[in-house]
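Listed here are the chains, written in short residue letters.
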Amino acid sequence: MNLRKRHRGASAEVHTSAMNDIMFFLLLFFLIASTVTNPNVVKLMLPKSSSGQSVSKKTINVSIDKNLVYTIDKKQVPVDQLQPTLQSYKSLATELTIVLYVDRTVAIQDVVQVMDIAQKLNIKMVLATEPKG
């Protein structure tokens, strides 16, 4: 009769410290990359559109948020200074396109006001939208 204790196999342990380090660096990388993707855009809830639009190389970002704060390339501009400011951008580039970012709650009259200024200055304009889905 054998009364000795039976020795079971080696204990199975999984060391996850290296995997934790890798996951931390991946998370950090994606957080930094997501903040750098498009720094010239003011966060707005854009209207939805099913058609895509092409944008020329020389563009200016104009945005109107829900509080009617006008922003041209991340610089706040009063409403009465929109035309002179856009005129100064027009003098710097021959072919210029305005990408207009407008919150969906803004009245259409405020959008038309910017479109009229662009028409007077002979600047192309594109209305930014979010894709559906």
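Residues numbered from 1 in each chain as written. Predicted model: local features only at pLDDT ≥ 70, side-chain atom pairs only at ≥ 80, totals over all residues. Heavy atoms only, no water.

An unreviewed UniProt entry lists the protein chain under the name ExbD/TolR family protein, from Mucilaginibacter lutimaris. UniProt's Sequence similarities (unreviewed entry) comment on the protein chain is quoted here verbatim: "Belongs to the ExbD/TolR family." (UniProt positions renumbered as here; feature names shortened; annotations may be inferred.)

Colleague: Got a minute to help me understand unusual backbone geometry in this structure?
Modeller: Located in the positive-phi region is Lys 74, a residue other than glycine, with phi close to 65°. Within the element layout of this structure, Lys 74 appears in the loop between β3 (70-72) and β4 (75-77). You will see that Asn 122, though not glycine, has its phi angle at about 60°, which is positive. (Helix = DSSP H or I, 4+ residues; strand = E, 2+ residues; numbered from the N terminus.)

Colleague: Even after reading the chapter, I still don't get the packing of helix α2 (residues 82-92) against helix α3 (residues 108-120), so can you show me in this structure?
Modeller: Each pair of packed helices can be summarised by the angle the axes make with each other and by the distance between the axes. Where α2 contacts α3, the axes come no closer than 10 Å and their chain directions differ by 40°. Between α2 and α3, the angle falls in the class oblique. Where α2 crosses over α3, the handedness of that crossing is right-handed. Contacts between α2 and α3 involve Leu 82, Gln 83 and Leu 86 on the former and, on the latter, Val 114, Ile 117 and Lys 120. Tallied by class, residues from the contact of α2 with α3 come to 4 nonpolar, 1 polar and 1 charged. (Axes fitted to C-alpha atoms, helices over the stretch in contact; angles between N-to-C directions. Parallel < 35°, antiparallel > 145°, perpendicular 65-115°, else oblique. Left-handed = near helix turned anticlockwise from the far one by under 90°. Contact = heavy atoms within 4.5 Å. Nonpolar A, V, L, I, M, F, W, Y, C, P; charged D, E, K, R; others polar.)

Colleague: It is not clear to me how α2 should be interpreted in this structure. Could you clarify?
Modeller: Think of an α-helix as turning once every 3.6 residues; residues three or four places apart then point the same way. Among the residues of α2, Leu 82, Thr 85 and Leu 86 are the ones counted as buried. Along α2, the residues classed as buried sweep out an arc of 95° about the axis, all on the same side. Buried residues in α2 make contact with β2 (59-64), β3, β4, β5 (97-102) and α3. (Buried < 20%, exposed > 50% of the residue type's maximum accessible area, 1.4 Å probe, protein only. Arc of directions from axis to C-beta.)

Colleague: Got a minute to help me understand the sheet that holds β2 in this structure?
Modeller: Where strands meet in a sheet, backbone hydrogen bonds hold them as pairs that are either parallel or antiparallel. The sheet built from 5 strands is open, its strands ordered β4-β3-β2-β5-β6 with mixed pairing. Either end of the sheet is taken by a strand with one partner, and the two such strands are β4 and β6 (124-127). Put simply, the sheet's adjacent strands are angled 30° from each other on average, direction ignored. One ladder, built from 4 bridges, connects β5 with β6; its direction is parallel. When the bridges of β6 are listed, Val 99 appears paired with Val 126. Sitting on the sheet, α2 touches β2, β3, β4 and β5, and the angle it makes with β3 is about 10°. Running over the sheet, α3 touches β2, β3, β5 and β6 and is turned about 175° from β5. (Pairing = 2+ DSSP bridges.)

Colleague: What is the right way to read α3 from this model?
Modeller: Here α3 spans 18 Å end to end across 13 residues, near enough to the 18 Å set by a 1.5 Å rise per residue. Along α3, the positions that sit buried rather than exposed are Asp 110, Val 111, Val 114, Ile 117 and Ala 118. Buried residues of α3, viewed axially, fall in a sector of 120°; they line one side. Facing away from the buried side of α3 by more than 90 degrees, the exposed set consists of Ile 108, Gln 109, Gln 119 and Lys 120. Structurally, α3 contributes buried residues whose contacts are with β2, β3, α2, β5 and β6. Within two residues after α3, Asn 122 carries a phi angle of roughly 60°, on the positive side. (Expected span 1.5 Å × (residues − 1).)

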